[in-house]
Amino acid sequence: MTDAAGYSNYLTPLAETRATPGTQYGTFAIAPIAAGTIVVTFGGSEMNRRHFNTFPDERRSRSLQIELDSFLLGPAERQLGDAVNHSCEPNCGMGNATQLVAMQNISAGEEISFDYAMSDASNYDEFTCICGSSLCRGNITSHDWKLPELQQRYNGYFSPYIVRKIKAHEKAHQLRKSEAEELLRNYDSDPRGSLTKALRVTSGYSNSSFEILYSLLDLAAMGAHNEDDVVKYLNEMRVYPKSG
Ligand SMILES: [Zn+2]
């Protein structure tokens, strides 16, 4: 979606995007910004991962993941609000799936930043960080949301789908003996249904469909291309508790 001026994103008039030597572009406060202020609203074309992956890296790096299988692709050319850099010690966080809010008071001249771990859990935007903070993680990966320290520090500033990922991650476990037996018992009569049930256990997503779970767990990448492959995958990761 674009506004009347043709911009995909909203950037507060209290900040501006400009060219910088190191990172090429950055966004800076030009007036004090109070904690809680909406600094950026991200826009773009919404699409699933398969479609998203057909676009060039540069454009995908100016994009935002807003759901497990939903992305906002940035416009073809860089626009306002399109250049908010990552920092491992940021002054902004995700207020919801598409808005960046100030986590603290920001002074004029300060660079606007957020931690990409707050919004992105896909491997299209992994990089070596040069933010210079003493908290710098060095390598920024799509798994950083799992770090307990970040979960604590950014509590309330993760994208809603990451919050659900964190909860699912806590709940997920390998199939217990009884659950594995149930899968094998029901597989022949109801392959899709029994697999869905088992994948819900191993992923922690208790309500997701088979298709979502398949994509979420990246089963295609694990070599699981049909129901029998998925059973094999589940069997391989199954660990029986020592006593029944
Ligand atoms: Zn860093």
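Residues numbered from 1 in each chain as written. Predicted model: local features only at pLDDT ≥ 70, side-chain atom pairs only at ≥ 80, totals over all residues. Heavy atoms only, no water.

Overview of the sheet that holds strand 7 (residues 70-73)
As a reminder of what qualifies: For two strands to count as paired, DSSP must find a minimum of two bridges between them. Numbering goes from the N terminus for both helices and strands, where a helix is a DSSP run of H or I of at least four residues and a strand is a run of E of at least two. Axes here mean lines fitted to C-alpha atoms, for a helix over just the part in contact, with angles spanning 0 to 180 degrees between N-to-C directions.
Pairing in this open sheet of three strands is antiparallel, and the strands run 5-7-6 from one edge to the other. A strand with exactly one partner marks an edge of an open sheet, and here the two such strands are strand 5 (45-47) and strand 6 (64-67). The sheet shows a mean angle of 30° between the axes of neighbouring strands, direction not considered. Of the pairings in the sheet, the one linking strand 5 to strand 7 comprises three bridges and is antiparallel in character. Note on strand 7: the bridge partner recorded for S45 is L73.

Quick look at the coordination of the zinc ion
The cut-off we apply is this: Note on donors: an N, O or S atom is included if it sits within 2.8 Å of the metal, or within 3.2 Å for Na, K and Ca, and water is never included, so sites can look incomplete.
Around the zinc ion, the donor atoms from the protein are C88 (SG), C129 (SG), C131 (SG) and C136 (SG), and they sit 2.3 to 2.4 Å away. Each donor residue of the zinc ion lies on the same chain, and together they follow the pattern C-x40-C-x1-C-x4-C.

Some remarks on the pattern of salt bridges
The criterion, for reference: We count a salt bridge whenever a side-chain nitrogen from Lys or Arg sits within 4 Å of a carboxyl oxygen from Asp or Glu. Any residue under 20% of the maximum accessible area for its type is buried, any over 50% is exposed, and the rest in between are partly exposed; the area is computed with a 1.4 Å probe on protein chains only.
Per the stated rule, a full pass over the model turns up eleven salt bridges. Note that R62 and E58 form a salt bridge whose closest N and O atoms lie 2.8 Å from each other. By relative accessible area, which is 7% here, R62 ends up buried. Here the salt bridges share partners, and the residues they tie into one network are D115, R137 and D144.

Observations regarding the domain arrangement of the chain
To be explicit about the condition: For the domains described, the bounds stem from an automatic or database domain assignment.
Per the domain assignment, the segments of the chain are domain 1 (10-158) and domain 2 (172-236). Computed over C-alpha atoms, the centres of domain 1 and domain 2 are 34 Å apart.

So, the sheet that holds strand 9 (residues 92-94)
Ordered in space as 1-4-10-9, the four strands form an open sheet in which the pairing is antiparallel. Two strands in the sheet have a free side with no partner beyond their single neighbour: strand 1 (10-11) and strand 9.

Here's the deal with the environment of A34
Rule in force here: Residue contacts are counted whenever heavy atoms from the two residues lie within 4.5 Å of one another.
With respect to the secondary-structure elements, A34 resides in the loop between strand 3 (24-29) and strand 4 (38-41). With relative accessibility at 44%, the residue A34 sits in the partly exposed group. In this structure the C-alpha to C-alpha distance between A34 and I106, which are 72 residues apart in sequence, comes to 6.4 Å. In contact with A34, not counting residues within four places along its chain, are A102, Q104 and N105.

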